[in-house]
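# Coordinates in review
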Amino acid sequence: MDYDRFVATRLKTIPPSGIRRFFDIIATMPDVISLGIGEPDFITPHEIVEAGIRSLRDGHTGYTSNSGLFELREALSDYLARRYGVQYDPEREILITVGVSEALHLTATALLNPGDEVIIPEPCFVSYAPTVALAGGRPVHVPTRAEDAFQVDAEQVARAVTPRTKAVLIGYPNNPTGAVMSRERLAELVGLAKAHNLLIWSDEIYDRLVYGVEHVCVPTLPGARERTILLGGFSKDFAMTGWRLGYACGPAPLIAGLRKVHQYIVMSAPTTAQYAALEALKVADEVVEHMRLAYDRRRQVIVRGLNEIGLPTFEPRGAFYVFPNIESTGLSSEEFSERLLLEERVAVIPGSVFGPSGEGFVRCSYATSLTELEEALDRIERFVARVRRERRARPEE
Ligand SMILES: Cc1ncc(COP(=O)(O)O)c(C=O)c1O
């Protein structure tokens, strides 16, 4: 049977995830140190797990309201007000979702007409462009550069604006670079959004994982709240990837659109996870700090180690990724990652999967133990030395 003719055409324009291919290879190999996976190596703090279990024992096994438990929306509203000073009405301006993944899809589906353009600075999270494309929109990439600390350049974004541009989609602290946007650069971006009447979709899923710098919550900037969809979640900060819980906050008429899509595709986010998240917000200050400090120690070890190996590494100030420059090896990011995996059993992700500007870099996650990180650095050093020896032995072309 020709199944191809049954598959939607819009799906064919979307390449399969470049990350998946690596995970498929890893799954077949023993003794791999994985710096590939973008999730915490911690398990969910036990208070949060207990709250989830308790909710089940108490019989909370049904759907919640489409928007999510009112108690959770209220707690989230208080949490965001306390932490960032931004106010969202729990009734009309907050929607609890199945992770930021769903929140992104809702945003694109509810807000884009066919052919609408969304400007996406890259390198960026692999789902952004497919999410926009699946909703019928057109992703338009603009590059960010290591020399500029992977900051979004508002002037460059301005040059990409057309009459079809509807939004700019940013994710800071950034996956894969670990960059954190400065207040000044964000303010410039907000200025540009105002000038061209654009929305800002701000994925702030790593908001609490910053090291020695402030995280600026985009809607707190002057004039930003009315045009921002704030996307946040529990996966990374609280080590809750498997619970599948996130949220979208924004002006009521836009959130009403997201809610409409949400109610027809998932009804409500997982109930157990919502009770767990309620507890997470209560204990956040104790439990997150412990993990953040551990990531920070590992961050310092890996940045120093990679630079000493001769792979220039921009100092990441957020999330749990480093993005070393591997151009000096003469390998493409894909060749580097594939050979490192096969020859030394260390998994990293080719920078090219995060956008064209990611070529020449690889992403390493340091959400792994210090012992494993140190072993991985030894293996990377051995690999890089071998590749360099091979290059020197090769006759000049
Ligand atoms: C920047 C970014 N946004 C969103 C997600 C998805 O998060 P969630 O687990 O909340 O769906 C990820 C996961 O890797 C991510 O890195």
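Structure: above.
Quick caveat, the model's predicted, so the values are computed rather than measured.

What counts and how
- Residues numbered from 1 in each chain as written.
- Predicted model: local features only at pLDDT ≥ 70, side-chain atom pairs only at ≥ 80, totals over all residues.
- Heavy atoms only, no water.
- Near = heavy atom within 4 Å.
- Polar contact = N/O pair within 3.5 Å; in protein donor to acceptor, adjacent residues only side chain to side chain.
- Helix = DSSP H or I, 4+ residues; strand = E, 2+ residues; numbered from the N terminus.
- Nonpolar A, V, L, I, M, F, W, Y, C, P; charged D, E, K, R; others polar.
- Disulfide = S-S within 2.5 Å.
- Buried < 20%, exposed > 50% of the residue type's maximum accessible area, 1.4 Å probe, protein only.
- Patch = residues over 30% accessible without salt bridge, like charges linked within 9 Å, V, L, I, M, F, W, Y side chains within 5 Å.
- Areas by Shrake-Rupley, 256 points an atom, 1.4 Å probe, with all protein chains shown as cover.
- Salt bridge = Lys/Arg side-chain N within 4 Å of Asp/Glu carboxyl O.
- Lys, Arg positive; Asp, Glu negative; His and termini not counted.
- Charge placed at Lys NZ, Arg CZ, Asp CG, Glu CD.
- Pairing = 2+ DSSP bridges.
- Right-handed = clockwise from strand over helix to strand, strands pointing away.
- Phe/Tyr/Trp six-rings, centres within 6.5 Å; stacked < 30°, edge-to-face > 60°.
- Lys NZ or Arg CZ within 6 Å of the ring centre and 35° of its normal.

Taken together, G99, V100, S101, F125, Y128, N175, D203, I205, Y206, S235, K236 and R244 are the residues near the ligand. Contacts to the ligand include D203, whose side-chain N or O atom sits 2.6 Å from a nitrogen atom. Top element by residues in the shell around the ligand is helix α5 (residues 99–111). It accounts for three residues. Tallied by class, the residues present in the shell around the ligand amount to five nonpolar, four polar and three charged.

Turning our attention to the state of the cysteines. Evaluated as defined, the whole model comprises zero disulfides. The cysteine C124 is free of any disulfide, with C364 supplying the nearest cysteine sulfur at 18 Å. By relative accessible area, C124 is classed as buried at 4%. C249 takes part in no disulfide bond, and the closest cysteine sulfur to it belongs to C217, at a distance of 8.4 Å.

So, about a negative patch on the surface. A grouping of E308, E374, D378 and E381 is seen on the molecular surface, where their side chains present a negatively charged patch. Sort the elements by how many residues they give to the negative patch and helix α12 (residues 370–393) lands first, with three residues. Residue position: E308 is located in helix α10 (residues 271–309).

Before going further, it helps to examine the pairing of strand β5 (residues 165–171). Within β5, six of the seven residues are buried, which leaves it mostly tucked inside the rest of the structure. Note that strand β3 (residues 117–122) and β5 share three bridges and pair parallel. Paired with E117 across the two strands is T165, which belongs to β5. Bridge count for β5 against strand β6 (residues 199–203) is five bridges, and the pairing is parallel. Each bridged residue has a counterpart across the sheet, and for G171 the counterpart in β6 is D203. Handedness of the crossover joining β5 and β6 through helix α8 (residues 183–195): right-handed.

Here we take up the sheet that holds strand β12 (residues 362–365). What the three strands build is an open sheet, ordered β9-β12-β11; its pairing is antiparallel. Strands with a single pairing partner mark the edges of an open sheet, and in this sheet they are β9 (321–322) and β11 (349–350). Here β11 pairs with β12 via two bridges, running antiparallel. Within β12, the position partnered with I349 by the bridge is R363.

Moving on, we come to the packing of aromatic side chains. Under the defined criterion, the tally for this structure stands at 14 aromatic pairs. Geometrically, the ring pair formed by F323 and F354 is edge-to-face, given 6.5 Å between the ring centres and 75 degrees between the ring planes. A residue pair is termed long-range when its members are at least 10 positions apart, and F323 in the loop between β9 and α11 (333–344) and F354 in the loop between β11 and β12 qualify at 31 residues. When sorted by exposure, F323 lands in the same class as F354, which is buried. Through pairs of rings, three or more aromatic residues link up here, namely F42, Y206, Y295, F320 and Y321. It is R5 that lies over the ring of F6; its NZ or CZ is 4.9 Å from the centre.

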